[in-house]
Amino acid sequence: MIIEINFQSDEAIYMQLRNQIIMGIASSILHEGDSLPPVRTLASQIGINMHTVNKAYSLLKDEGFVNMDRRRGAVIAVNADKARAMEETREHMRPLLAQAVCSGLNADEIHDMVDDILAGWEETTPGEQ
């Protein structure tokens, strides 16, 4: 998986890293049981502070996307609590959907956009990105 950080973005670097790892899981580039690179290694590879990587990994752990193993480090562990995941997703989507509606998008356009995004993940196979 290639991590690309936009240092010009208003989005915090640890959030960019978190989001890219979650998208890697969603697109099946990362699978249950896969180990993420060690904090120092990843920080060095992408040119960021190791505390930033550690913050992203800690957030992923808190959100149920990874487990921390003393021998293997951060390991992908998809959250099995579907009801909790649905509620968290709903809460994250509310402001995005409100913004879309305020920008003039209608329900059909929003549904089409979501379908396109999901279809993109379903078509992605490991090694394509």
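Residues numbered from 1 in each chain as written. Predicted model: local features only at pLDDT ≥ 70, side-chain atom pairs only at ≥ 80, totals over all residues. Heavy atoms only, no water.

Visitor: For this particular structure, what's the right way to read the overall build of the protein?
Guide: Scanning the protein from N- to C-terminus turns up 5 helices and 2 strands. When its helices and strands are written in sequence order, the protein yields α-α-α-β-β-α-α. For the protein, the spread of C-alpha atoms along the principal axes amounts to about 50 × 35 × 30 Å. A buried classification covers 26% of the 129 residues belonging to the protein. Across the protein, every contact between residues at least 6 apart in sequence was considered, and the portion connecting residues at least 24 apart equals 50%. Accessible surface computed for the protein: about 8,900 Å², of which carbon and sulfur atoms make up 53%. (Helix = DSSP H or I, 4+ residues; strand = E, 2+ residues; numbered from the N terminus. Buried < 20%, exposed > 50% of the residue type's maximum accessible area, 1.4 Å probe, protein only. Contact = heavy atoms within 4.5 Å. Areas by Shrake-Rupley, 256 points an atom, 1.4 Å probe, with all protein chains shown as cover.)

Visitor: Even after reading the chapter, I still don't get the packing of aromatic side chains, so can you show me in this structure?
Guide: In this description, a pair of aromatic rings is defined by centroid distance and the angle of the planes. The full count for this structure, using the stated rule, is 0 aromatic pairs. In this arrangement the basic side chain of lysine 55 is found over the ring face of tyrosine 14, its NZ or CZ atom lying 4.2 Å from the centre. (Phe/Tyr/Trp six-rings, centres within 6.5 Å; stacked < 30°, edge-to-face > 60°. Lys NZ or Arg CZ within 6 Å of the ring centre and 35° of its normal.)

Visitor: In this structure, what is going on with the packing of helix H2 (residues 39–46) against helix H3 (residues 50–62)? I would like to understand it.
Guide: How two helices pack is summed up by the angle between their axes together with the distance between the axes. For the pair H2 and H3, the least separation of the axes is 8 Å and the interaxial angle reads 120°. One way to sum up the angle between H2 and H3 is to call them oblique. For H2 against H3, the interelement crossing comes out right-handed. Together, Val39, Arg40, Leu42 and Ala43 of H2 and Met50, Val53, Asn54 and Tyr57 of H3 make up the contact between the two elements. Here the residues of the contact of H2 with H3 are counted per class, giving 6 nonpolar, 1 polar and 1 charged. (Axes fitted to C-alpha atoms, helices over the stretch in contact; angles between N-to-C directions. Parallel < 35°, antiparallel > 145°, perpendicular 65-115°, else oblique. Left-handed = near helix turned anticlockwise from the far one by under 90°. Nonpolar A, V, L, I, M, F, W, Y, C, P; charged D, E, K, R; others polar.)

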